[in-house]
Amino acid sequence: MTGAQSLLQTLVNGGVEICFANPGTSEMHFIAALDRVHGMRAVLGLFEGVCTGAADGYARMAGKPAATLLHLGPGLGNGFANLHNARRANTPLVNIVGDHATYHLRHDPPLATDIESIVRGFSGWVRRSRSAADVPADAADAIAAAMTPPGGVATLILPADCSWNESGEPAPAPVMPRPTPVQPGRIRRIADLLRRPEPAVIFLSGRLCMEDGLCLAGRVSRATGARIMGNRVNSRTQRGAGRVVIERLPYPIEPALAMLRGTAHLVLVGSPAPVPFFAWPGKPNWIIPEACGIHVLATPEEDCLGAMSSLAEELGASGSVSAVYPHQRPPLPTGEITAEKVWRALTALMPEDVIVSDEGVTSSRDAEAWTVGAPPHDWLNVTGGSIGQGLPVATGAALACPGRKVFAMESDGAGLYTLQSLWTQAREKLDVVTVIFANRAYKILRGELKQMGIADPGPKAAAMLDLGNPDLDWVMLAEGMGVPGSRARSCEEFTDQLRDAIRHSGPRLIEVLL
Ligand SMILES: Cc1ncc(C[n+]2csc(CCOP(=O)(O)OP(=O)(O)O)c2C)c(N)n1
């Protein structure tokens, strides 16, 4: 058995059953091994940012890692942005980077780079295999590292000769590390705090934003009057009719400040303290009120769900939950189309249990409010602020959840970063409906100019934020990738096209001209 075969079998043994790949010469034995080992699905991405983002989307929905296969430092560099987003999402991911044969590196051939220093930006765990014999144990350790709570990117650097040389037996599934339990004393302290009359906010991220976690938070909220808030950057949130209402911190600084004003106690559960995205001249760069105490019920590494369950028990909060989202579809919008009307139409028509990959940028600023009344669904956010995540994440989510429709709600600028996702969707026949908000601008950055205090940008500055001249034709771009496309200029056209996309399975793109 070659190192590559042993590696693949070890991955499959450890539950890693899909690999998003963009290979090169140093990965040829890995590629050949795909046909010799059963149980690994291989998906080609035509840009590494598609592979890394799809691996992120897959794991968010499957709850277990995918593997990537990237070509040396340059391939890794192309995949960097979505590995950064995956790190911010606490996504388990086994990131395999091929490299030159061990004895060839010293010649400094053209593709050689300092891979380890690139990896440091997003990977808590990195190892370079020394020999083919080491590969199975290295791979098993990589899986365990990726699955160490709360989840992360584990990078295995695989020199070509470690792939092609004779290796040993594949390793069995590693023991998956469990989250650290929270001590009862901390639970009691937080319970005492929440019994006090001052205004409190329970601030959630990650695992707690799933239905069961929200339900526990809803019981605590009902029992104590504490508000429930969610981090703006969150990997996966379960929302929709019947699920507990969670406020989400807005992006702009003023409403974020307003939302937390008057809070006396902020209780963090699986989340870091919320911070503004940027510092803007003359504006506060801290949104938590000065007099507010920050308390940790559970860190992301700890057993957040168990801690929330114990807190509910300690408070005797066994009964009903705080407010839940209503079952109430809005009427279909008509006339001139706007981003809000796109979301309302989706809310009116979406089937149960869909997945929404949200990268609408300015077109989804208020999407939370615009989708109230929708049936239960999963919501995937951009987590690290690095755009170009939405289409790959949708691709990976569709692969993790066959039978569930995925909506990629995408702004035109961000969509272009990883447009090749559409080709992978067509090739793999994925049930993804992509809706492009074509405002033909980097609209958010026009606002950022103002926030930065620049009142009179000149024509060169304005041209940097304009996506026209020439106008992008998303219908042709989609068709060129093998995805049927259509354009909507009015609400009526959009709802007709959306109905059709929902009725049929397979990838589809609708460009909404705003
Ligand atoms: C990788 C990366 N490059 C650049 C940016 C800076 N950036 C933030 S938003 C944005 C443009 C957003 O435009 P678009 O996606 O069309 O959405 P709109 O603002 O029009 O709603 C850019 C370039 C970023 N966040 N990430």
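These figures come from a predicted structure and were not determined experimentally.

Quick notes on the rules
Residues numbered from 1 in each chain as written. Predicted model: local features only at pLDDT ≥ 70, side-chain atom pairs only at ≥ 80, totals over all residues. Heavy atoms only, no water. Helix = DSSP H or I, 4+ residues; strand = E, 2+ residues; numbered from the N terminus. Rg over C-alpha atoms; globule rule 2.2 N^0.38 Å. Buried < 20%, exposed > 50% of the residue type's maximum accessible area, 1.4 Å probe, protein only. Areas by Shrake-Rupley, 256 points an atom, 1.4 Å probe, with all protein chains shown as cover. Polar contact = N/O pair within 3.5 Å; in protein donor to acceptor, adjacent residues only side chain to side chain. Contact = heavy atoms within 4.5 Å. Salt bridge = Lys/Arg side-chain N within 4 Å of Asp/Glu carboxyl O. Near = heavy atom within 4 Å. Nonpolar A, V, L, I, M, F, W, Y, C, P; charged D, E, K, R; others polar. Pairing = 2+ DSSP bridges. Axes fitted to C-alpha atoms, helices over the stretch in contact; angles between N-to-C directions. Arc of directions from axis to C-beta. Core = buried A, V, L, I, M, F, W, Y, C linked by side-chain atoms within 4.5 Å.

Caption draft 1: Structural context of the overall build of the chain. A count of helices and strands for the chain gives 20 helices and 18 strands. Compactness check: the chain gives a C-alpha radius of gyration of 24 Å against a globular reference of 24 Å for 514 residues, within 12% of the reference. Oriented by its inertia axes, the alpha-carbon framework of the chain measures out at about 65 × 60 × 45 Å. With 514 residues in all, the chain has 56% of them scored as buried. When the accessible surface of the chain is totalled, it reaches about 20,600 Å², and 54% of it is carbon and sulfur.

Caption draft 2: Spatial organisation of the side chain of Gln5. Mapped onto the elements of the fold, Gln5 is located in helix 1 (residues 3–13). Accessibility expressed as a relative area gives 15% for Gln5, which makes it buried. Side-chain polar atoms of Gln5 contact the backbone nitrogen of Thr2, separated by 3.0 Å. Beyond its immediate chain neighbours, meaning those up to four positions away, Gln5 contacts Ala33, Arg36 and Val37.

Caption draft 3: Expanded view of the pattern of salt bridges. A complete count under the given rule lists 26 salt bridges for this structure. Linking Glu254 and Lys283 is a salt bridge whose minimum nitrogen-to-oxygen distance equals 2.7 Å. Here Glu254, found in helix 10 (residues 253–260), pairs with Lys283, found in the loop between strand 11 (265–269) and strand 12 (293–298); they are 29 residues apart in sequence, far enough to count as distant. By relative accessible area, which is 25% here, Lys283 ends up partly exposed. Close ionic contact of Arg344 with Glu340 constitutes a salt bridge, the shortest N to O distance being 2.9 Å. Of this pair, Arg344 and Glu340 both sit in helix 12 (residues 339–349), four residues apart, roughly one helical turn. Arg344 sits in the partly exposed class, given a relative accessible area of 28%.

Caption draft 4: Structural detail: the site of the ligand. As a structural note, the neighbourhood of the ligand is formed by 17 residues, with Thr362, Ser411, Ala414, Ala441 and Ile444 the closest of them. Within the backbone of Gly413, one N or O atom sits 2.9 Å away from an oxygen atom of the ligand. In the complex, 79% of the free accessible area of the ligand, which totals 580 Å², lies under the protein chains. Contributions of two or more residues to the shell around the ligand are made by helix 15 (412–417) and helix 17 (443–451). Its residues assigned to classes, the shell around the ligand shows eight nonpolar, seven polar and two charged.

Caption draft 5: Local environment of the sheet that holds strand 4 (residues 93–99). The parallel open sheet is built from six strands, whose spatial order is 2-1-3-4-6-5. Edge positions in the sheet fall to strand 2 (41–44) and strand 5 (123–128), since each of these pairs with one other strand and no more. Ignoring strand direction, the axes of neighbouring strands in this sheet form an average angle of 20°. Here strand 5 pairs with strand 6 (residues 153–159) via five bridges, running parallel. Across the sheet, the residue bridging to Arg127 is Leu156, located in strand 6. Set on the sheet, helix 3 (residues 48–62) makes contact with strand 1 (18–21), strand 3 (66–71) and strand 4; between it and strand 3 the angle comes to about 170°. Across the face of the sheet, helix 4 (residues 72–88) comes into contact with strand 3, strand 4 and strand 6 while running at roughly 145° to strand 3.

Caption draft 6: A look at the sheet that holds strand 7 (residues 200–204). Read from one edge to the other, the open sheet built from five strands follows the order 10-8-7-11-12, with strand pairing classed as parallel. The two strands at the open ends of the sheet, each matched to only one other strand, are strand 10 (247–248) and strand 12. As paired elements, strand 11 and strand 12 share five bridges and run parallel to each other. Opposite Val269, over in strand 12, you have Ala298 as the bridge partner. Those strands touched by helix 11 (residues 304–314) are strand 7, strand 11 and strand 12, and its axis lies near 105° from that of strand 12.

Caption draft 7: Structural view of helix 10. Every buried residue belonging to helix 10 is among Ile253, Ala256, Leu257, Met259 and Leu260, and all of these are buried. For helix 10, the angular spread of buried residues about the axis comes to 160°, placing them on one side. Packed against the buried residues of helix 10 are strand 8 (227–230), strand 10 and strand 11. Looking at the residues trailing helix 10, positive phi occurs at Gly262, about 85°.

Caption draft 8: Examining the nonpolar core more closely. Counting residues in hydrophobic clusters, the biggest one holds 33 residues, and the most contacted among them are Ile18, Phe20, Leu76, Leu83, Ile355, Leu399 and Val432. A total of six residues in this core trace back to one element, the largest contributor, which is helix 14 (residues 390–400). Excluding residues that lie within four positions of it along the chain, Ile18 makes contacts with Met40, Arg41, Val43, Tyr58, Ala66, Ala67 and Leu399. One finds Leu193, Leu208, Leu216 and Ala312 within the second-largest nonpolar core, a separate group that totals 32 residues.

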